[in-house]
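# Observations on chain architecture
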Amino acid sequence: VLKVVENLGVSHVRNSDSYKNKLEAEIRKLKFPYRALAEDDYEARRKDHISHFILRLAYCQSEDLRRWFLQQEMDLFRYRFNQLSDSLRQKFLEHVNLSFEAVSEDLKNELANELFASTPGLSLPKVKEQMFYKVGLADAVDLFRTRRVFIKDGFAYVPFKEIDVIVLNNYRTKLSKALALTARSLPTIQSDERLQPLLNHLSHSYVGPDYSVQKNTGKISLEQIDALSVKSFPLCMRQLHRALRDSHHLRHGGRMQYGLFLKGIGLTLEQALEFWKKEFIRGKVDADKFDKGYAYSIRHNYGKEGKRTDYTPYSCMKIIMSNPPSQGDYHGCPFRHSDPELLKQKLQSYKIPPSGITQILELVKGMHFQLACQKYFELTHDVDDIGFSLNHPNQYFTESQRLLSGGRELKKELSHSGNSQQKNNSQESMNSNSTPTTSNTTADTELEELEAYFIED
């Protein structure tokens, strides 16, 4: 279910009618009890709760997994909460101790004009029909920041239709803390031979390929990178490559993001050392300084130094959600971190048509950054619909190369992605190679049995 939520969140505008209709259809297909509360189905709710806590155990194991799980759970929660009737919403709020003080009819009529002026999307008659709550400013920061509520005497007057924002923030805070607490229990769980293989398998099964192993390793030459950056790199990597070529240097955040991407598309350790050294010594770094100050971190990324972790390329979510660039940095997501006017100029310099730039900027304005990247892919490859949900820069590269080569790599890529899903999705998790083959087979069987239990009628 969470994988479906992720794919739809990338390929549709969240909370749009098409998103909600598609999500409902997919959830029904998976027989997920999303209306268990409304239908008062105890057994369905019980299975829902058990599956949630099992996934908490599986996805608390690293920062990347926690971030992924939190985002998908938030999207699913938003959809399910908005499906409840007004009476069930009120019942739910009381159950989770979010029973805010309702505004009396007399006070609402007295403030009707102020509420109408301060609450977008409500006409004056609708304001009088709508139930409002007095909510402390600390709980209504997001609504206050976007000027969607009336403020008086330290309270936000929140219409019932907007209460989901407060509930979601509350849920995010509680789930985030719960995942952190669960992570502290990992040593105990990891010592249980029955649980650990199953939890590892669960966490690797649904987040998709991590692009840590590439079939193209050693097949891409350094001379090809400039041409590939123009036709097959996502905008974030194209920006980093251009900055490196222009200034002959990248700061740590840029070297990590771009270096791991290059590793993911097939550069060997030897090629990576040669690539970075050639570029850096064209600037202010001599060969000796490079060998002493930079070569170690490159070998470290390939698992040859330090704790020998074989680092994986950054996903879109990791790039968007963590380590925003500061002055002089070039890493991050251009759709998320660039000023809209600078982004527009960049797109114009890349010969994106004006109508396409307008579409991209509208998606950026709505904070649909991955959809903006998908639109960039469609415009630069002259296709109407890319036919997949984009969630990784290396996926962008792979799909671009497949499209430009006429799909000749399709069969190989499919077989590869199945293997790469068994790899760890983050630097902090255990290496999947440490789990014996028999454990993997057992985990497969146990996972199938677990899934069968949750889809029983």
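Nothing here was measured: the structure is a model prediction, and the numbers come from that model.

## Details of the packing of helix H3 (residues 42-59) against helix H4 (residues 63-83)
The N-to-C vectors of H3 and H4 enclose an angle of 155 degrees; their axes lie 9 Å apart at closest approach. Here H3 lies roughly antiparallel to H4, going by the angle between them. Residues Asp48, His52, Leu55, Arg56, Ala58 and Tyr59 of H3 form the contact with H4, whose participating residues are Leu65, Arg66, Trp68, Phe69, Glu73 and Arg80. Considering only residue class, the contact of H3 with H4 consists of six nonpolar, one polar and five charged.

## What about the pattern of salt bridges?
Taken as a whole, this structure holds 21 salt bridges when the rule is applied. Its salt-bridge partner being Glu105, residue Lys108 comes within 3.3 Å of it at the nearest N-O pair. Separated by three residues within a single helix, Lys108 and Glu105 lie in helix H6 (residues 105-110), roughly one turn from each other. For Glu105, a relative accessible area of 46% corresponds to the partly exposed category.

## Focus on the nonpolar core
Core analysis: the biggest nonpolar cluster contains 55 residues, and Phe233, Tyr258, Leu262, Trp276, Phe335 and Tyr376 have the highest contact counts within it. With near-sequence residues (within four places) excluded, Tyr376 lies in contact with Phe233, Pro234, Leu235, Arg238, Phe335, Leu347, Tyr350, Ile352, Ile360 and Tyr396. Residues Val4, Leu8, Leu84 and Leu168 belong to the second largest nonpolar core, which totals 51 residues.

## Regarding H4
With 21 residues, H4 extends 30 Å from end C-alpha to end C-alpha; this agrees with the ideal 30 Å at 1.5 Å per step. In terms of burial, H4 is largely enclosed, as 17 of its 21 residues are buried.

## Quick notes on the packing of aromatic side chains
The geometry of an aromatic ring pair is captured by two quantities: the separation of the ring centres and the angle between the planes. Under the definition given, this model contains 23 aromatic pairs. Between the aromatic rings of Phe280 and Phe290, the centroid separation amounts to 5.9 Å while the plane-to-plane angle is 75 degrees, which identifies the pairing as edge-to-face. In this pair, Phe280 sits in helix H16 (residues 269-280) while Phe290 sits in helix H17 (residues 287-293), placing the two residues 10 residues apart along the sequence. On the basis of relative accessible area, Phe290 is assigned to the buried category, the value being 1%. In this structure an aromatic cluster arises from ring pairing among Phe233, Tyr258, Phe261, Phe275, Trp276, Phe280, Phe290, Tyr294 and Phe397. Across from the ring centre of Tyr302, 5.2 Å away, lies the NZ or CZ of Lys263, which sits over that ring.

## Quick notes on the UniProt feature "binding site: [4Fe-4S] cluster" (unreviewed entry) in the chain
With numbering aligned to this structure, UniProt lists the feature "binding site: [4Fe-4S] cluster" (unreviewed entry) at Cys236, Cys316, Cys333 and Cys373. Across 138 residues of sequence, these annotated residues stay compact in space, with a maximum C-alpha separation of 9.9 Å. Within the secondary structure, Cys333 sits in the loop between helix H19 (316-321) and helix H20 (334-337). Cys333 gets classed as buried once you look at its relative accessible area, which sits at 10%. Not counting residues up to four positions away in its chain, the partners in contact with Cys333 are Ile319, Ile320, Ser338 and Phe369. With respect to the secondary-structure elements, Cys373 resides in helix H23 (residues 369-381).

The rules behind each value
For every chain, the first residue of the written sequence is number 1, and numbering continues from 1 onward in sequence order. The predicted origin of the model limits local features to residues at a pLDDT of at least 70 and limits the giving and counting of side-chain atom pairs to 80 or more, whereas totals for whole chains, interfaces and linings rest on all residues. Each side-chain value is worked out from all heavy atoms of the structure, with water and hydrogens disregarded. The axes are straight lines fitted to the C-alpha atoms, using for helices just the contacting stretch, and the angles between their N-to-C directions are given from 0 to 180°. Secondary structure elements are defined from DSSP: runs of H or I of at least 4 residues count as helices, runs of E of at least 2 residues count as strands, and each element is numbered from the N terminus. We call two directions roughly parallel when the angle between them is under 35 degrees, roughly antiparallel when it is over 145, roughly perpendicular when it lies between 65 and 115, and oblique otherwise. We call two residues in contact whenever any of their non-hydrogen atoms come within 4.5 Å of each other. When residues are sorted by character, Ala, Val, Leu, Ile, Met, Phe, Trp, Tyr, Cys and Pro go into the nonpolar class, Asp, Glu, Lys and Arg into the charged class, and all the rest, Gly among them, into the polar class. Whenever a carboxyl oxygen of Asp or Glu lies within 4 Å of a side-chain nitrogen of Lys or Arg, that contact is scored as a salt bridge. Working definition: with a 1.4 Å probe on protein chains only, accessible area under 20% of the residue-type maximum means buried, over 50% means exposed, and in between means partly exposed. Buried Ala, Val, Leu, Ile, Met, Phe, Trp, Tyr and Cys residues that are joined via side-chain atoms within 4.5 Å together make up what is termed a nonpolar core. To estimate how far a helix should extend, the number of its residues minus one is multiplied by 1.5 Å. Each Phe, Tyr or Trp ring, with Trp reduced to its six-membered ring, pairs with another whose centre is within 6.5 Å; inter-plane angles below 30 degrees give stacked pairs, above 60 give edge-to-face pairs, and intermediate values give tilted ones. Distance and angle both matter: a charge sits over a ring if NZ of Lys or CZ of Arg is within 6 Å of the ring centre and within 35 degrees of the ring normal. UniProt positions are given in the numbering used here, feature names are shortened, and annotations may be inferred rather than shown by experiment.

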